[in-house]
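# Structure assessment
Okay, here's what each chain looks like letter by letter:
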Amino acid sequence: MTNPGNVTTGLDTPPDLKPLGPESPSSMRWQEELRLAYRDPRELGAKLHLPETMIRDALTVEGGFHLFAPRPYVGRMEPGRVDDPLLLQVWPQSHETQEREGFSRDPVLDGPSQRLPGVIQKYEGRALLVMTGACAVHCRYCFRRHFPYSEVPHSLRHWLPVLEELASDRSVHELILSGGDPLSLRDEMLLEFAEFVARMPYIRRVRVHTRWPVVIPERVTKGLLGVLAKLPQPVVVIHANHARELDENVADQIRKLLQAGCLVLNQAVLLRRVNDELDTLVALSERLIELRVVPYYLNELDRVAGGWHFDVSRTRALELMEGIQARLPGYAIPRLVRDEPGRPSKRWIF
Ligand SMILES: *Cc1c(COP(=O)(O)O)cnc(C)c1O
Ligand code: SF4
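Going along each chain's sequence as written, the residues are numbered from 1 onward. Naming scheme: in the order in which they are written, chains are lettered from A and ligands are numbered from 1. Local features are withheld for residues below a pLDDT of 70 in this predicted model, meaning they are given only at 70 or higher, and side-chain atom pairs are given and counted only at 80 or more; totals for whole chains, interfaces and linings count all residues. For the side-chain quantities, the full set of heavy atoms in the structure was used; hydrogens and water were omitted.

## Things to note about unusual backbone geometry
Definition in use: Every helix listed is a DSSP run of H or I at least four residues long, and every strand listed is a run of E at least two residues long, numbered separately from the N terminus. Only protein chains enter the calculation, and the probe is 1.4 Å; a residue is then buried if its accessible area is under 20% of its type maximum, exposed if over 50%, and partly exposed in between.
Here Gly 179 and Gly 180 are connected by a cis peptide whose omega angle stands at 15°. One can find Gly 180 in the loop between strand E4 (174-178) and helix H7 (187-198). Backbone geometry places Leu 109, a non-glycine residue, at a positive phi of 55°. Relative to the assigned elements, Leu 109 resides in the loop between helix H5 (85-90) and strand E1 (114-116). When its relative accessible area of 42% is taken as the criterion, Leu 109 is described as partly exposed.

Here it is, written out as structure tokens:
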């Protein structure tokens, strides 16, 4: 039985990190949005005028990976629209509690790939750090929704020995900050982290995978831009799945990331009813290019327990890619990939 109830995401618990300095007003704003996020399907349902049956269905999904949708993101949803592509990404459905063959708790075998606490390394030269379990949103399709976040280092003090070990490894030249969402950590902690990383002799690049700029754009603070500027060759991978997520406020924050010298890429997940239409994917790529964001990957769904209702068939995925190819220039076409454990890279499908 799929049981999202066992997750220890700690996603709505503030990261257990010591405050490292006085908080700036802008950092308080994004933390305030976490506090004010919708956690109860009844409240979000009332706000968006959703039918009672839909709310009752959501309430059957219990456990740690509960509804978590912050106001700036909810504000982009269309009231009354039960299949709003933003809503579907966060709305719990009773489908999640049904078991499906081929869908498991650790579909990409993160567990066996941990080389140090919190460090997943599958590919040459790149080490991925699970910095925190906290996120700006709970995405129902999340492949790490069952990840044992309580076992990763929880403060800079615990990260230091891990970083020291990585620093002596000549073969690792790119750090990928992931989670959860690494930008759930405070600027003060990230700054100390960045200062350490900047001194690691073999690290050429640091990549940040985050949904914050899309979900709660207020996260792009001056402090954060200062952190990014300290990192060698900063790459920020935003995770937008639909053009409607990229409103003017988000666009402004992306411009700040670009001005700070970041390479900004987008990674999307192909999701049934959210973005599995040709026009939707084309609009997403068009909007990304308009914002100077490179469409990097379109991921096939990782077959995580609780996420089967988002699955899109390979046939349909290829049909969509052919369609995109016929309509967009090469630089606007994301690569369709799948995370297949045991390979030296993601598998390129198209
Ligand atoms: C996806 C992933 C990466 C990044 O792969 P790229 O092809 O470089 O984007 C790195 N490490 C792990 C463990 C991953 O799952
Ligand atoms: S997909 Fe990313 S942002 Fe969404 S819940 Fe999972 S780790 Fe967090």
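## Describing the site of ligand 1
Let me state the cut-off plainly: Only heavy atoms are used to decide nearness, and a residue is near a molecule or strand if one of them lies within 4 Å of it. Nitrogen and oxygen atoms within 3.5 Å of one another constitute a polar contact, given that in protein one can donate a hydrogen and the other can accept it, and given that sequence-neighbouring residues count only through two side-chain atoms. The accessible surface values rely on the Shrake-Rupley method and a 1.4 Å probe; as for residues, cover is taken only from the protein chains in view. Residue classes follow a fixed rule: Ala, Val, Leu, Ile, Met, Phe, Trp, Tyr, Cys and Pro count as nonpolar, while Asp, Glu, Lys and Arg count as charged, and any other residue, Gly among them, counts as polar.
Close contacts around ligand 1 come from Ile 120, Lys 122, Tyr 123, Arg 126, Leu 128, Ile 176, Arg 207, Tyr 296, Tyr 297, Asp 339 and Lys 346, and that covers them all. At 2.6 Å from an oxygen atom of ligand 1 is found a side-chain nitrogen or oxygen belonging to Arg 126. In this structure, Lys 346 approaches ligand 1 through a side-chain N or O atom, which is 2.9 Å from an oxygen atom. Relative to its unbound accessible area of 390 Å², ligand 1 is 90% covered by the protein chains. Among the elements of the structure, strand E2 (119-123), strand E3 (126-130) and strand E8 (294-299) are those that each provide at least two residues to the shell around ligand 1. A total of three residues in the shell around ligand 1 trace back to one element, the largest contributor, which is E2. The residue inventory of the shell around ligand 1, partitioned by class, reads six nonpolar, no polar and five charged.

## Some points on the site of ligand 2
Within the structure, ligand 2 sits among Cys 135, Val 137, Cys 139, Cys 142, Gly 180 and Arg 211. Along the lines of polarity and charge, the residues of the shell around ligand 2 split into four nonpolar, one polar and one charged.

## Brief notes about the pattern of salt bridges
To keep it simple, the criterion reads: By salt bridge we mean one thing: a side-chain nitrogen of Lys or Arg within 4 Å of a carboxyl oxygen of Asp or Glu.
Under the counting rule described, the total for this entry stands at 31 salt bridges. Across the pair Arg 42 and Asp 40 runs a salt bridge, and its minimum N-O distance is 3.3 Å. When the shortest N-O distance is used, the salt bridge between Glu 248 and Arg 255 registers 4.0 Å. Through salt bridges that share partners, Glu 78, Arg 81, Asp 83, Asp 84 and Arg 244 make up one connected network.

## Quick word on the packing of helix H11 (residues 278-290) against helix H12 (residues 314-327)
Basically, it comes down to this: Structural elements are reduced to axes, namely lines fitted to C-alpha atoms, with helices fitted over the stretch in contact, and the angle between N-to-C directions of any two is expressed from 0 to 180 degrees. Here roughly perpendicular refers to angles of 65 to 115 degrees, roughly parallel to angles under 35, roughly antiparallel to angles over 145, and oblique to all remaining angles. Crossings are sorted by hand: turned counterclockwise from the far helix by less than a right angle, the near helix makes the crossing left-handed, and turned clockwise it makes it right-handed. We call two residues contacting when some pair of their heavy atoms lies within 4.5 Å.
One can describe the packing of H11 onto H12 by two numbers: an axis separation of 10 Å at closest approach and a directional angle of 50°. Considering their axes alone, H11 and H12 lie oblique with respect to each other. Seen from above, H11 lies across H12 with right-handed handedness. Note on element contacts: H12 touches H11 through Arg 316, Leu 320, Gly 323, Ile 324 and Arg 327, opposite Leu 278, Asp 279, Leu 281 and Val 282. In terms of residue class, the contact of H11 with H12 is built from five nonpolar, one polar and three charged.

## So, the side chain of Asp 187
By secondary structure assignment, the location of Asp 187 is in helix H7. With residues up to four places along the chain from it excluded, the contact list for Asp 187 reads Arg 219, Thr 221, Gly 223, Leu 224 and Val 227.

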